[in-house]
Amino acid sequence: MGSEKIVIIGGVAGGASAAARARRLSEVAKIVLFERGPYISFANCGLPYHIAGDIADRGSLLLQTPESFHSRFNVDVRVNSEVVFINRHKKTVSVLNRFDGSEYIESYDRLLLSPGAAPVILPLPGINNPLTFSLRNIPDMDNILQSIEMNKPEHATVVGGGFIGLEMAEAFHHRGIKTTLLELSDQVMAPVDPEMAAFLHQEITSQGVDLKLGVGLNSVDYRSAGNDLLLNLGDGSTMETELLIMAIGVRPEISLAREAGLDIGKLGGIVTNDLMQTSDPSIYAVGDAVEVSDLITGEPTLIPLAGPANRQGRIAADNMLGRVESYQGTQGTSICRVFDLTVAATGKSEKALKRDGLSFEKVYVHGASHASYYPGAETVSLKLLFDPSSGKILGAQALGKEGIDKRIDVLSVAIRAGMTVEQLQHLELTYAPPFGNAKDVINQAAFVATNILKGDLKSIHFNEITNLTEDRVLLDVRGPDELSECGFIPGAINIPLCQLRDRIHELPRDKEIVVYCLVGLRGYVAHRQLINQGFNSRNLLGGYKTWLLANQ
């Protein structure tokens, strides 16, 4: 099959990866890559950082040019060439030359679709105006920068609190542009749970960004006299702005596939098998346009990320040239910088587990990024989700200023390997004071989870604290100075941990003692003291810190 003619529709992550892999496997295959835009391989994840000024050189975003790609891989690259029709029976595609408007026919033996996903632009009144943009590619980025240069806006509005929305809000802030961020739901960053997103809300507002949660955009009025916009918001208010970014999400580009009669899934993506074949065995599809198998549940899902797209392109190339390689599911490992914080996640969130009807337990740990006595240590806040019967790890989320990426990367591997929390205890991770802890936050989370499974820890969560019944007593085991400085949960009595043994007679034995400290560690020590002395007790996981942020 080495002399096959492979036609690829779409470059960037999936298409360009497939073309390069196909050439590495076969020197005689004819490979044609069509890209409707002017660029075949660019760092689309880097676009907001160029707008911010973090990436100064625009050229560094251009990973390959048509000339360099042809020189290195002998791929016939045709930019500004849009495939407008697929004839599956004749195995041809119709191509529109966007330079001169002409059309021609190109044949194929194997066809790969990598059309990506397009920004969702709601059909709101007034949305089509010269000051409203989305961000998908290099021309979009150039248009935004040109608008900034020409109009010198003092205020910008970003609609949508996902990856692009957060990165664009930060970019405008870095450029000295006052920014409002609108998010229709009650949190930003949908891959994480609300109590973890609360850390982000605090960071965003502390940086001076006007964050409006639960507020959508209803309509836009373009005012040519002042060259600005009047936004009509879902809460009935209005606001003026001079630049508007729509970043509410993306939708798979499936028009070609649908018109060709290929199967489209219930989520709106192209259906493929684990070989990345569509319902037509001669046509493959990869990237943001396809539905993939969720690694945890095995159900179809849409997860538009660059890493999976690259791997899918490689696998599709292997299979188009006669090998048999299977894509093994997506777990949604992702990361984002939000000003001075980093947030990352892998696997299933609590929201997703509830939606799918799956049983789970969760733990929270707030530990140091490296040895606390070594300068520069920062807090790593970690949430770990696991199966309460088997202990299998289902998901994880982490936030902090340092060391977030490596913790979630480790847990991503653990999920991929099917590890349990009991096994996670035994991970041997690097340690030296500048880099980590002898008991890493990952090990600590595993210890807490395993204690729950073994019955050594009876837990309670922040959302259960508000309405405690009369047969429960809330006990704060921090020192009085800490309570004065940080605050406390209303209704709690205070007995510092160091005094608990001597004052344990002050606690009623006919009630359950709900213990908490700042992050959960001292609370657990107190909890075990109480249990060992015959009390009924529970420990608040994540401590006062998690409760406070979740209730802000």
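See above for the structure.
Residues numbered from 1 in each chain as written. Predicted model: local features only at pLDDT ≥ 70, side-chain atom pairs only at ≥ 80, totals over all residues. Heavy atoms only, no water.

A. Local environment of empty space enclosed by the protein. This model, assessed by the stated rule, comprises one cavity of 30 Å³ or more. If you trace the largest cavity, you find it lined by L166, A169, E170, L181, I204, V338 and F339. Here the lining of the largest cavity is built from residues that sort into six nonpolar, no polar and one charged. (1 Å grid on protein atoms, 1.4 Å probe; cavity = no way out; pocket = protein on both sides within 12 Å on 5 of 7 lines; lining within 4 Å. Points joined across faces, edges and corners; volume = space filled by probe spheres on them. Nonpolar A, V, L, I, M, F, W, Y, C, P; charged D, E, K, R; others polar.)

B. Layout of the sheet that holds strand β22 (residues 290-293). Strands sit in the order β20-β22-β23 across an open sheet of three strands; the sheet is mixed. The open sheet terminates on both sides in strands that have one partner only, identified here as β20 (270-271) and β23 (300-301). Of the pairings in the sheet, the one linking β20 to β22 comprises two bridges and is parallel in character. Looking across to β22, one finds that V271 is bridged to E291. (Pairing = 2+ DSSP bridges. Helix = DSSP H or I, 4+ residues; strand = E, 2+ residues; numbered from the N terminus.)

C. Structural context of the sheet that holds strand β8 (residues 103-107). Taken together, three strands build an open sheet; the order of strands is β6-β7-β8 and the sheet is antiparallel. Only two strands of the sheet have a single partner each, and these edge strands are β6 (81-87) and β8. Taking each pair of neighbouring strands and ignoring which way they run, the sheet shows an average axis angle of 30 degrees. (Axes fitted to C-alpha atoms, helices over the stretch in contact; angles between N-to-C directions.)

D. Molecular detail of the pattern of salt bridges. In total, this model carries 30 salt bridges according to the counting rule given. For R136, the salt bridge goes to E253, with nearest N and O atoms at 3.0 Å. Here the residue R136 occupies a position in the loop between β11 (132-133) and α4 (138-151), and E253 occupies one in the loop between β19 (250-252) and α7 (255-259), the gap between them amounting to 117 residues. Relative accessible area serves as the criterion here: at 23%, R136 is assigned to the partly exposed category. A single salt-bridge network, built from bridges that share partners, covers D193, E195, E350, K354, K362 and K383. (Salt bridge = Lys/Arg side-chain N within 4 Å of Asp/Glu carboxyl O. Buried < 20%, exposed > 50% of the residue type's maximum accessible area, 1.4 Å probe, protein only.)

E. Quick peek at the packing of helix α1 (residues 12-25) against helix α8 (residues 306-320). Following both chains from N to C, one finds α1 and α8 inclined at 35 degrees, their axes separated by 7 Å at the closest point. Crossing of α1 against α8: the hand is right-handed. Along its contact with α1, which presents A13, G14, S17, A18, R21, A22, R24 and L25, the element α8 presents A306, A309, N310, G313, R314, A317 and D318. A per-class count over the contact of α1 with α8 returns seven nonpolar, four polar and four charged. (Left-handed = near helix turned anticlockwise from the far one by under 90°. Contact = heavy atoms within 4.5 Å.)

F. Spotlight on the layout of surface pockets. Its volume calculated, the second largest pocket comes out at about 440 Å³. Contributing to the lining of the second largest pocket are 18 residues, with V365, Q444, V448, G520 and L521 lying nearest its centre. Elements with a minimum of two residues in the lining of the second largest pocket: β26 (361-368), α12 (441-454) and α15 (521-532). Top element by residues in the lining of the second largest pocket is β26. It accounts for five residues.

G. Quick look at α12. Compared with an ideal rise of 1.5 Å per residue, which puts 14 residues at 20 Å, α12 spans 20 Å between its outermost C-alpha atoms and is within 8% of the ideal. All buried positions along α12 are accounted for by V441, I442, N443, A445, A446, A449, T450, N451 and I452. Taken together, the buried residues of α12 touch β26, β27 (379-386), α10 (404-416), α11 (421-424), β29 (459-460) and α15. The residue sitting at the N-terminus of α12 and contributing the capping side-chain oxygen is D440; that oxygen lies 2.9 Å from the backbone nitrogen of I442. Positive phi appears at G455, one or two residues downstream of α12, with a value of about 85 degrees. (Expected span 1.5 Å × (residues − 1). Polar contact = N/O pair within 3.5 Å; in protein donor to acceptor, adjacent residues only side chain to side chain.)

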